[in-house]
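Structure at a glance
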Amino acid sequence: MIIHKGEVLFRQGDSGSLFHLKSGLLKIVRTQEDGTVHLMNLIVPDEIIPHHSLISPGPCHGTAVALMTSEVERIPAAEWYRSLEQDADKCRLIAGKLQDKLRMMQQRIDQLTAATPADKLRKFEAWFHSYIAPSALTDVLTQDEIGQFIGLRRETVNRLLRAQSSASKEPAGPKNS
């Protein structure tokens, strides 16, 4: 199935099917009791979600929203869990997917532990660019979402993005060459 930017694939608390993201990009957001929404995760092509339901069923921890037009395959839960019981190769496949996600989380930790806010943003942009090129980071995520994902205030993200924009517009010359 095809879902478009802003469309919801599943909601926090839902149970049921699993989903294989074939192309595109999704975000997982979680709504807190006070109504605030936080960006929890980014889902990239070839992931099967929800991750916490890969081995056994459970309610969705957050809401999955398309960040761009995405192709998703719905996998009926009963079929998925039955196949796990019958196919050891599928269990290895799941282990590999979880390993890939852990490696992605390690990259995210590297982004969060960068020495300066500018380094955090630069590392995040470099990683994210491989999934969204030729779009810009701000075409896909809001400044607030960028800040949530790399542990910065929206105002700091705004200042850093403005500084990047100003630096790219300065004419080359003796001072800037």
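Quick caveat: nothing in here was measured; it's all calculated off a predicted structure.

**With respect to the overall build of the chain**
- If you tally the helices and strands in the chain, you get six helices and eight strands.
- In the chain, the succession of helices and strands from N to C terminus is β-β-β-β-β-β-β-β-α-α-α-α-α-α.
- Considered along the principal axes of its C-alpha atoms, the chain spans approximately 70 × 35 × 30 Å.
- Within the chain, the fraction of its 177 residues that count as buried is 37%.
- Put simply, the chain shows about 10200 Å² of open surface, and 53% of that area lies on carbon and sulfur atoms.
- Taking the 22 positively charged and 21 negatively charged side chains of the chain as two groups, their mean positions are separated by 6 Å.

**A closer look at the side chain of Lys101**
- Within the secondary structure, Lys101 sits in helix H2 (residues 88-112).
- Judged by relative accessible area, which is 9%, Lys101 ranks as buried.
- A polar side-chain atom of Lys101 sits 3.1 Å from a polar atom in the side chain of Asn41.
- In contact with Lys101, not counting residues within four places along its chain, are Asn41, Leu42, Ile43, Glu47 and His51.

**Side note on helix H6 (residues 154-169)**
- Given a rise of 1.5 Å per residue, 16 residues ought to cover 22 Å, and the 23 Å separating the end C-alpha atoms of H6 matches this to within 8%.
- Within the span of H6, buried status applies to Thr156, Val157, Leu160 and Leu161. The buried residues of H6 all sit within an arc of 130° when viewed along its axis, so they share a single face. Along H6, exposed side chains directed more than 90 degrees from the buried face belong to Arg162 and Lys169.

**Remarks on the sheet that holds strand S6 (residues 48-49)**
- Spatial strand order, S1-S8-S3-S6: four strands in an open sheet with antiparallel pairing. Each edge of the sheet is formed by a strand with only one pairing partner; in this case those strands are strand S1 (2-3) and S6.
- Most of the contacts of helix H1 (residues 77-86) go to strand S3 (residues 18-23), to which it runs at about 95°, and overall it touches S3, S6 and strand S8 (70-75).

**A closer look at the packing of aromatic side chains**
- The final tally for this structure, using the stated rule, is six aromatic pairs.
- Taking 5.3 Å as the distance between ring centres and 15° as the angle between the ring planes, the aromatic pair formed by Phe124 and Phe128 counts as stacked. Taken together, the residues Phe124 and Phe128, both in helix H3 (residues 117-132) and four residues apart, mark about one turn of the helix.
- By relative accessible area, Phe128 is classed as buried at 0%.
- Pairing Trp127 with Phe128 gives two aromatic rings, centres 5.8 Å apart and planes at 25°, and the pair type is stacked.
- We classify Trp127 as buried; its relative accessible area is 11%.
- Above the ring of Phe149, the side-chain terminus of Arg108 is found at 3.9 Å from the ring centroid.

**Here's the deal with the packing of H3 against helix H5 (residues 143-150)**
- Packing of H3 against H5 leaves a shortest axis separation of 11 Å and a crossing angle of 105°. Regarding the angle of H3 to H5, the classification is roughly perpendicular. From H3, Lys120, Leu121, Phe124 and Trp127 reach across to H5, where they touch Ile146, Phe149 and Ile150.
- Of the residues assigned to the contact of H3 with H5, the class counts are six nonpolar, no polar and one charged.

Analysis parameters
- Residues numbered from 1 in each chain as written.
- Predicted model: local features only at pLDDT ≥ 70, side-chain atom pairs only at ≥ 80, totals over all residues.
- Heavy atoms only, no water.
- Helix = DSSP H or I, 4+ residues; strand = E, 2+ residues; numbered from the N terminus.
- Buried < 20%, exposed > 50% of the residue type's maximum accessible area, 1.4 Å probe, protein only.
- Areas by Shrake-Rupley, 256 points an atom, 1.4 Å probe, with all protein chains shown as cover.
- Lys, Arg positive; Asp, Glu negative; His and termini not counted.
- Charge placed at Lys NZ, Arg CZ, Asp CG, Glu CD.
- Polar contact = N/O pair within 3.5 Å; in protein donor to acceptor, adjacent residues only side chain to side chain.
- Contact = heavy atoms within 4.5 Å.
- Expected span 1.5 Å × (residues − 1).
- Arc of directions from axis to C-beta.
- Pairing = 2+ DSSP bridges.
- Axes fitted to C-alpha atoms, helices over the stretch in contact; angles between N-to-C directions.
- Phe/Tyr/Trp six-rings, centres within 6.5 Å; stacked < 30°, edge-to-face > 60°.
- Lys NZ or Arg CZ within 6 Å of the ring centre and 35° of its normal.
- Parallel < 35°, antiparallel > 145°, perpendicular 65-115°, else oblique.
- Nonpolar A, V, L, I, M, F, W, Y, C, P; charged D, E, K, R; others polar.

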